[in-house]
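Residues per chain, in single letters:
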Amino acid sequence: MSEILKIENISRSFKTGNRTLEILKGISLDIKAGEILAIAGPSGAGKSTLLHIMGLLDRPTSGRVLFRNKDLYALPGSEQARLRNSSFAFIFQFYHLIPELNILENILLPHMISNSILNWQIHRKALKAKAGKLIDKLGLSGRVFHKPNQLSGGEQQRVAIARALVTDPEVILCDEPTGNLDTNATMEIQNLISELNRQEGKTFIIVTHNENIARWSHRMIHLVDGQVTNNPDESCRDKSQ
Ligand code: ADP
Ligand code: MG
């Protein structure tokens, strides 16, 4: 498998008052296209910060992130914005759906934001058809005109997954995607991610507390205190080859 993301010696620090907090301390990581990589680690370890840096939502203090050999943080802002909207997508623990919009509108939101009004009018029909296909695939057919608060947690997360997929991203970055779900809904979301990975070759990077993910991800790394810990057992069980 080819490499899709290469993290080279990333550091990230935050200044608070006159103190500098070093959150990520020299992280290097290669991620293959079509891989499901799980990132585990205690709260405060820097997992979300790392995920944000991988998907152009933050920037490293030093180090490089190469996406298909492009140095992401050396690109002009307009190119970063284009990649952020087209190649990456995020799924969060608390879904981040817009409560006033119905399910169809929530799913189409990334296209509404990134298109001009003219472009939106030209492509509206095709995009609605695409959203419709995703709605069917994710088992949300009876929910199109519901508002998010009329849905269960598992259904809301499926809407967030549909919203993530509607732009055809290559890399889907998930921050504790099942952290707020019961066991059944957790299994549903896991099966969905596995299926999307197998059928469409999407790359998933999943921050999780769920130890169960070790069974179905291809590889798992541990982040502790801003560093990837060496865990020889984990590197032996790379199933993505
Ligand atoms: P995790 O996702 O592993 O729980 P985070 O990446 O959210 O960890 O945060 C790691 C540490 O960085 C935490 O101590 C958090 O308070 C700190 N942190 C994250 N973002 C900022 C910020 N914008 N400013 C200051 N500190 C931050
Ligand atoms: Mg976090």
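The shown structure was predicted, so the numbers you read here are calculated from the model rather than taken from an experiment.

A. Expanded view of the packing of helix H3 (residues 103-114) against helix H5 (residues 153-165). Their axes nearest at 7 Å, the elements H3 and H5 cross at an angle of 35°. By crossing handedness, the relation of H3 to H5 is classed as right-handed. For the pair formed by H3 and H5, the contact residues are Ile103, Asn106, Ile107 and Pro110 on the first element and Val159, Ala162 and Arg163 on the second. Taken together, the residues of the contact of H3 with H5 break down into five nonpolar, one polar and one charged.

B. Just the sheet that holds strand E5 (residues 70-71), in detail. Here we have four strands laid out as an open sheet, ordered E2-E1-E4-E5, and antiparallel in their pairing. Taken across any chain shown, the strands that pair with only one partner, and hence form the sheet edges, are strand E2 (19-32) and E5. Across the sheet, helix H1 (residues 47-54) is in contact with strand E1 (3-16), E2 and strand E4 (62-67); its angle to E2 comes to roughly 60°.

C. Examining the site of ligand 1 more closely. Neighbouring ligand 1 are the residues Phe14, Ile23, Pro42, Ser43, Gly44, Ala45, Gly46, Lys47, Ser48 and Thr49. For ligand 1, an oxygen atom lies 3.0 Å from a polar atom in the backbone of glycine 46. Threonine 49 is positioned with one of its side-chain polar atoms (N or O) 2.5 Å from an oxygen atom of ligand 1. Burial of ligand 1 by the protein amounts to 59% of the accessible area it has alone, namely 560 Å². Per-element accounting of the shell around ligand 1 gives the leading share, three residues, to H1. Across the shell around ligand 1, the residue classes break down as four nonpolar, five polar and one charged.

How each quantity is defined
- Residues numbered from 1 in each chain as written.
- Chains lettered and ligands numbered in written order.
- Predicted model: local features only at pLDDT ≥ 70, side-chain atom pairs only at ≥ 80, totals over all residues.
- Heavy atoms only, no water.
- Axes fitted to C-alpha atoms, helices over the stretch in contact; angles between N-to-C directions.
- Helix = DSSP H or I, 4+ residues; strand = E, 2+ residues; numbered from the N terminus.
- Left-handed = near helix turned anticlockwise from the far one by under 90°.
- Contact = heavy atoms within 4.5 Å.
- Nonpolar A, V, L, I, M, F, W, Y, C, P; charged D, E, K, R; others polar.
- Pairing = 2+ DSSP bridges.
- Near = heavy atom within 4 Å.
- Polar contact = N/O pair within 3.5 Å; in protein donor to acceptor, adjacent residues only side chain to side chain.
- Areas by Shrake-Rupley, 256 points an atom, 1.4 Å probe, with all protein chains shown as cover.

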